[in-house]
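Notes for the structure review
Each chain is listed here by its residues.
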Amino acid sequence: MKLTNDIKFIWDYFKDKGLTDYGIAGLMGNLYAESGLRSNTLERLCIKRYAELGINFTNELYTISVDNGAISKAEFLSPMGKHYGYGLAQWTTESRKRGLYEYTEQQYTSIGDLQAQCEYLYRELETSFKTTLSVLKTAQGIDSASDRVLLKFEAPKDAESQIDLRRKYSNEIYNLLGGSMVIIGSARIDENGHASGGKAGDQNGKEVSTQKYYLHEKGWNVLRAKEPQVREAIAQNMTWACANNNIGYDQGQNQTLYQVAKPLGFNCSLVGTPCETDCARLVRVCVLYAGVQCADFYTATELDALLATGAFEQVYPSMPDGLMRGDILVTKTKGHTVVVLSNGDKVNPTTPTAPTNDKLGWIKVGTDYYYRIASGANAHGWNDIKCKDGNTYRFYFDDKGKMQTGWQHIGDYWYYFHDTVGSGLEGAMYVSDKDGRQFIATF
């Protein structure tokens, strides 16, 4: 959908009438489904029926014929004795078409005049659809506004089957003209517009990048990490990936980012070697950076793989205003996956649990240690961290971000973490050699 002067005019008209951005998007998404947001649109079936009689109308010729009287008022109200739609809202019944005809006649303007049709539509809302108008003036979600217009204003016979499509159009309208907009990040396509075959790294700044939220044609499943620190870390790492032109898109080389990032704690800001990923493998790297261990997945298996970690839950927010920074969206069937990078309008930012300062690296709170990986986000789960002696050791952090020491039962196994206070390596994981001798492991 492209922005046109007519689309902008319609948006501005209803904005001036006090509809919320969500309400306008819900209304215009339905009008787009009805008429393509063109005020001179005659229903295609009507054009076909006229053609069968040897009368060849275009939208423009039909409108002119109504304006100059070649098509009478009676014929306009009931073409060939039937009911067919015309105009922005595809007004169909005789009573509603009569109102449009008489209103434009009073205004001394064309039956297809855009402003006159907007005025007539609003007058209908004010007089005959007051509850719908109230909904559109207070709407706090695109989908709910779209559904209201479809079911109570347009009300086609097959309304229920059109809900998803009209929501899609309404979201597209909001993307074009709405107020605040949710931003998402993902690995998208290579520099040649292909799934594979390009050069390593992001060649045009768009292979792995951010964009405005959109409703995918396959629909979205929404996965949300249970802990705010995990959500923040996922979003932060996706932001770094989108800004790092060493990370490009290639399905045929989709594991090279994982291989390069693993020794770096999966921190995408530190990736200095040109490498490749795809949408699902980039999301996995972001999840691993947040301290959540998960098996490899692609979009068709992503939902189950992430739910299996126990760190995520599937949620059903209003779209997109109920989305939270760090949410993961994956299509309902094999297709695409993205990370949400900004909160929707209905989300109040939450403060992560202790510690709350913005210092990065090790932080001590009382007798407990945390490892801050980004502003507002602590490490969780397994993390390989380079320490002052230059070696990288493995640590484990609980769901609150607190470093664990001593014996810990994780998954199906027991692990031991150095517990000598003041040692400098407190929390580092021990391993045993073939003779059973224990020592702190380096990675």
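Heads up: the structure comes first, above all this text.
The structure contained in this document is the topic of the report that follows. (Residues numbered from 1 in each chain as written. Predicted model: local features only at pLDDT ≥ 70, side-chain atom pairs only at ≥ 80, totals over all residues. Heavy atoms only, no water.)

Within the largest apolar cluster, 52 residues are counted, with the highest numbers of intra-cluster contacts made by Ile 234, Leu 282, Val 287, Phe 312 and Ile 328. If you tally residues by element for this core, the top one is helix H13 (residues 279-289), at eight residues. Non-local contacts of Ile 328, meaning those with residues more than four positions away in its chain, are made with Asn 221, Val 222, Leu 223, Ile 234, Val 283, Val 287, Glu 302, Leu 306, Phe 312, Thr 337, Val 338 and Val 339. (Core = buried A, V, L, I, M, F, W, Y, C linked by side-chain atoms within 4.5 Å. Buried < 20%, exposed > 50% of the residue type's maximum accessible area, 1.4 Å probe, protein only. Helix = DSSP H or I, 4+ residues; strand = E, 2+ residues; numbered from the N terminus. Contact = heavy atoms within 4.5 Å.)

This part covers the sheet that holds strand S11 (residues 377-378). Strand order across the open sheet formed by three strands is S9-S10-S11, with antiparallel pairing between neighbours. The open sheet has two free edges, formed respectively by strand S9 (361-365) and S11, since each of these has just one partner strand. Two strands pair when backbone bridges link them, and strand S10 (residues 368-374) and S11 are joined in this way by two bridges, in the antiparallel orientation. Following the sheet pairing, Arg 372 is matched in S11 by Asn 378. (Pairing = 2+ DSSP bridges.)

With that settled, consider the environment of Glu 207. Along the chain, the position of Glu 207 falls in the loop between strand S1 (183-187) and strand S2 (208-212). For Glu 207, a relative accessible area of 0% corresponds to the buried category. A sequence separation of 90 residues divides Glu 207 from Gln 117, and the C-alpha atoms of the two residues are 43 Å apart. Not counting chain neighbours up to four residues away, the residues in contact with Glu 207 comprise Ser 186, Ala 187, Arg 188, Ile 189, Asp 190, Glu 191, Gly 201, Asp 202, Gly 248, Tyr 249 and Glu 276.

Sheet architecture is open: six strands sit in the order S2-S1-S8-S7-S3-S6, paired in antiparallel fashion. Edge positions in the sheet fall to S2 and strand S6 (312-315), since each has one partner strand and no second. Each neighbouring strand pair of the sheet contributes to a mean axis angle of 30°, computed without reference to strand direction. Summarising the sheet, S1 and S2 pair through five bridges and their orientation is antiparallel. Among the inter-strand pairings, Gly 185 is bridged to a residue of S2, identified as Thr 210. On the sheet, H13 packs against S1, S2, S6, strand S7 (328-331) and strand S8 (337-340) and is oriented at approximately 40° with respect to S8. (Axes fitted to C-alpha atoms, helices over the stretch in contact; angles between N-to-C directions.)

The space that makes up the largest pocket amounts to roughly 850 Å³. If you go around the largest pocket, you meet 31 residues; those closest to its centre are Ala 33, Glu 34, Ser 35, Glu 43 and Gln 90. With four residues, the single largest contributor to the lining of the largest pocket is helix H2 (residues 21-35). In this model, the second largest pocket occupies a volume close to 590 Å³. Along the wall of the second largest pocket there are 26 residues; nearest its centre are Leu 264, Gly 265, Phe 266, Asn 383 and Asp 384. When residues of the lining of the second largest pocket are traced back to their parent elements, those giving at least two are H13, S10, strand S12 (381-386) and strand S13 (392-397). Among the elements that take part in the lining of the second largest pocket, S12 stands out by supplying five residues, more than any other. (1 Å grid on protein atoms, 1.4 Å probe; cavity = no way out; pocket = protein on both sides within 12 Å on 5 of 7 lines; lining within 4 Å. Points joined across faces, edges and corners; volume = space filled by probe spheres on them.)

This is a description of form; function is not addressed.
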